[in-house]
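Overview (structure and organization)
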Amino acid sequence: MKLKELLSGIRVLEATADMEQTITSVVYDSRKAAPGCLFAAVSGFASDGNRFIPMAVERGAAAVVTAHRPEHPVPYVLVESDRLALAQISCNYFGNPAESMQLIGVTGTNGKTSVTLLLKQVLEMTRGAKVGLVGTMANYIGDEEIPTARTTPESYELQSLFARMRDAGCQYAVMEVSSHAIALERIGGVHFQVAAFTNLTEDHLDFHKTMENYCDTKAQLFARCDRAVANLDDPWFGRITAGASCPILTTSAAAEAGLWAKEISFRADGVSFTAVHGCEEQPVSVPIPGRFTVYNALTALGIAMELGVPLHDAAQALAQVQGVRGRVEVVPTPGKPYTVLLDYAHTPDGLEKVLRSARDFCKGRLIVVFGCGGDRDPIKRPIMGKLGVALSDFAVITSDNPRTEVPGDIIRDILKGIDPDAKNYEVIEDRRKAIRYALDIGQKDDIIVLAGKGHETYQEIGGVKYHLDEREEVAAYLTETRK
């Protein structure tokens, strides 16, 4: 592809590179540079891609795209934003694959994974369609699962994935859209048919600094879509939809809205409610427990409706969906009189929601095992400590993914939020021992929530990932105690 074709739609400030030359590939990692490639020098947090321009040229790069005029004599293209340029170049390089599919983006602090996986199943059942998914747990092209390292891939990888979906015949692409993806232009050049907002609670403030910045970043998604679905019950609803340039279908589980739930019933094996849309009412049953399942189901229903799926059909499909791995997942405990739930709750809002939801159907004690991640927003640690102890009958405070931080330091931050007079908790730094302790004290009708890991099958300590699948830990404990 010619350089001028790759730069289509991009404002070029100046250029010394030959626009008619043929570019063989696009890279933003100088180690992957090869003869004839275009190197995008992206300014990052840990390193600046401009430092690696000489290496890319040495490896054969034909031209460089940068937001900073190179210090070395190389063929270059100067642009306003290197990240946005990389995104638009990637769109052009892969032939704008998203334009050949119905693209749906879901943003919010919690619920994105559940909503996207529910919606994928609804579209497959009601439309008989092949659906692609970009998400936290994994990416999917129909039934093919592709491992992922982050919620939203870098723009080049995202466009490559969209191209694979297009070539495989996907009619829809459903994706989680993180605030980082918006701020860092990973979705640059992409337009959504439908965008949805789940909720907004404290998270990623190490990156965004304030909740207002966090909200305003996510709000940008609603300026690049045709239609939107948004949770009216969330306190940030007004701010996040203020700049929306499209019609919005509101959802609510507390009041009348464009699509709302009434007659809500909670069970240990799921939820049921009546969905109301204008004069239409449809019974809805979802085999996933938890109050937030009502909100996730409403969002999935709303998106499906905006895509032309009748409410009746979407509701029938929801009754047949499979539970979402690591989201209020029931872990088998044969021979034990208690229930173990696995959930990814790793934010204050996520922890509060899963505990309040479990309380709705808990007949015994509510026991929670939780910690906080390292190298992440430390402000939320005491908040989670306060919530975890206050909302449970007993809490076991442990490690999550300490990453490069000292686990004990993270736990001390958690303890700062706990009432000094509270006695209903224990600190066990080793997560495996913490899980076993909770299982040891479990009694009849208790619910034990293992919070924070969810679908993850590892624990990152000292920058190294060690295998840790909490399903396996529970199974191993059951085997040991049967002997």
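Our structure is the block above this text.
Each chain has its residues counted from 1, running along the sequence as written. Whole-chain, interface and lining totals are the exception, using all residues; otherwise, since this is a predicted model, local features are given only for residues with pLDDT of at least 70 and side-chain atom pairs are given and counted only at 80 or more. Side-chain measures were taken over the full set of non-hydrogen atoms in the model, leaving aside hydrogen atoms and water.

1. Things to note about the overall build of the chain
Heads up, the rule is: Elements are defined by DSSP. Helices are runs of H or I of four residues or more, strands are runs of E of two residues or more, and each kind is numbered from the N terminus. In this setup the radius of gyration rests on C-alpha atoms only. A globule is expected at 2.2 Å times the number of residues raised to 0.38. Whether a residue is buried, partly exposed or exposed follows from its accessible area with a 1.4 Å probe, protein chains only, as a fraction of its type maximum: under 20%, in between, or over 50%, in that order. Contacts were defined at the residue level, with two residues in contact if any of their heavy atoms lie within 4.5 Å.
For the chain, the count of helices and strands is 16 helices and 24 strands. A globule of 483 residues ought to have a C-alpha radius of gyration of about 23 Å, and the chain, at 24 Å, matches this closely. For the chain, the spread of C-alpha atoms along the principal axes amounts to about 75 × 55 × 40 Å. Residues counted as buried form 57% of the 483 residues belonging to the chain. Expressed as a percentage of contacts within the chain between residues at least 6 apart in sequence, the contacts between residues at least 24 apart total 66%.

2. Side note on helix α12 (residues 348-361)
Let me state the cut-off plainly: One less than the residue count of a helix, multiplied by 1.5 Å, gives the span that helix is expected to have.
Between its first and last C-alpha, α12 extends 21 Å over 14 residues, near the 20 Å set by a 1.5 Å rise per residue. Those residues of α12 lying buried are Pro348, Asp349, Gly350, Leu351, Val354, Leu355, Ser357, Ala358 and Phe361.

3. A few points about the pattern of salt bridges
Condition: Every case where a carboxyl oxygen of Asp or Glu lies within 4 Å of a side-chain nitrogen of Lys or Arg is listed as a salt bridge.
Applying the stated rule across the entire model yields 30 salt bridges. Here Arg164 ties to Glu144 by a salt bridge, and the two come within 3.2 Å at their closest N and O atoms. Taken as a pair, Arg164 in helix α5 (residues 155-167) and Glu144 in strand β9 (residues 144-146) lie far apart in primary sequence, 20 residues in all. According to the relative accessible area criterion, Glu144 is partly exposed, its value standing at 40%. Across the pair Arg431 and Glu470 runs a salt bridge whose closest N-O atoms are separated by 2.5 Å. With Arg431 in helix α15 (residues 431-441) and Glu470 in helix α16 (residues 470-482), this residue pair connects regions lying 39 residues apart in the sequence. The same class applies to Arg431 and to Glu470, which are both buried.

4. Focus on the pairing of strand β4 (residues 63-66)
Under the convention used in this document: Paired strands, as defined in this entry, are two strands with at least two bridges between them according to DSSP.
On β4, burial covers both faces: Ala63 and Val65 on one face and Val64 and Thr66 on the other are all buried. Note: strand β3 (residues 37-40) against β4, three bridges, orientation parallel. Within the sheet, the bridge partner assigned to Ala40 lies in β4 and is Val65. As judged from the three bridges shared by β4 and strand β5 (residues 76-79), these two strands associate in the parallel manner. Counted as the bridge partner of Val64 is Tyr76 from β5.

5. Some words on the environment of Val284
Following the sequence through the fold, Val284 ends up in strand β16 (residues 280-286). Taking the C-alpha atoms as reference, Val284 lies 5.3 Å from Phe273; in sequence the two are 11 residues apart. Excluding its chain neighbours within four sequence positions, the residues that come into contact with Val284 are Val271, Ser272, Phe273, Ala275, Leu301, Ala315 and Leu318.

6. Some thoughts on the environment of Thr293
With respect to the secondary-structure elements, Thr293 resides in helix α10 (residues 291-306). Assessed through its relative accessible area of 2%, Thr293 is described here as buried. Sequence separation between Thr293 and Gly111 is 182 residues, and the spatial gap between their C-alpha atoms is 8.6 Å. Thr293 has contacts with Val271, Val286 and Ile288, leaving out every residue within four places of it along the chain.

7. Brief notes about helix α14 (residues 407-415)
Buried within α14 are the following residues: Pro407, Gly408, Ile410, Ile411, Asp413 and Ile414. In this structure, the buried residues of α14 make contact with β19 (366-370), α13 (380-390), β20 (394-397) and β21 (425-427).

8. Notes on the sheet that holds strand β13 (residues 248-252)
As a reminder of what qualifies: Angles run from 0 to 180 degrees between N-to-C directions of axes, and those axes are lines fitted to C-alpha atoms, restricted for helices to the stretch in contact.
Read from one edge of the open sheet, 11 strands run β9-β8-β7-β10-β6-β11-β12-β13-β14-β15-β16, paired in mixed fashion. Every interior strand has two partners, whereas the edge strands, β9 and β16, have only one. With direction set aside, neighbouring strand axes in the sheet form an average angle of 20°. As paired strands, strand β8 (residues 139-141) and β9 are joined by three bridges and run antiparallel to one another. Each bridged residue has a counterpart across the sheet, and for Asn139 the counterpart in β9 is Ile146. On the sheet, helix α4 (residues 112-127) packs against β6 (102-107), β7 (131-134), β8 and β10 (172-176) and is oriented at approximately 170° with respect to β10.

9. Digging into the side chain of Asn231
Under the convention used in this document: For the purposes of these results, a polar contact is taken to be a pair of N or O atoms within 3.5 Å, where, inside protein, one atom must be able to donate a hydrogen and its partner to accept one; residues adjacent in sequence count only when each atom of the pair is a side-chain atom.
Following the sequence through the fold, Asn231 ends up in strand β12 (residues 225-231). A distance of 2.8 Å separates a polar atom in the side chain of Asn231 from the backbone oxygen of Thr198. Apart from residues lying up to four places away in sequence, Asn231 is in contact with Phe197, Thr198, Asn199, Phe237, Thr251 and Tyr295.

10. Here we look at the nonpolar core
Basically, it comes down to this: By nonpolar core we mean a set of buried residues, namely Ala, Val, Leu, Ile, Met, Phe, Trp, Tyr and Cys, connected to one another through side-chain atoms within 4.5 Å.
Among the nonpolar cores identified, the biggest contains 45 residues, and Ile104, Phe273, Leu301, Ile303 and Leu318 are the most heavily contacted of them. Ranked by residue count, the leading element in this core is α10, at eight residues. Aside from chain neighbours lying at most four places away, what touches Leu301 is Leu259, Phe273, Ala275, Val284, Leu311, Ala314, Ala315 and Leu318. Counting residues in hydrophobic clusters, the runner-up holds 34 residues, among them Leu103, Ile182, Tyr214 and Ala219.

11. Examining the pairing of β20
One face of the sheet, then the other: side chains in a regular strand alternate in exactly this way. As a reminder of what qualifies: Note on handedness: a crossover is taken as right-handed if, strands pointing away from the viewer, the path from the first strand over the helix to the second is clockwise.
Of the two faces of β20, the one lined by Phe394 and Val396 and the one lined by Ala395 and Ile397 are each fully buried. Bridging between β19 and β20 involves four bridges; their strand directions are parallel. The partner of Phe370 across the bridge, within β20, is Ile397. One crossover worth recording links β19 to the parallel β20 by way of α13, and it is right-handed. Looking at chain direction, β20 and β21 are connected through three bridges and run parallel. Bridge assignment links Ile397 to a residue of β21, and that residue is Val427. Chirality of the crossover, the property in question, places the unit of β20, α14 and β21 among those that are right-handed.

12. A few points about the side chain of Thr333
Here Thr333 shows up in the loop between β17 (329-331) and β18 (339-343). Side-chain polar atoms of Thr333 contact the backbone oxygen of Tyr338, separated by 3.1 Å. Excluding its chain neighbours within four sequence positions, the residues that come into contact with Thr333 are Tyr338, Val340, Val474 and Leu478.

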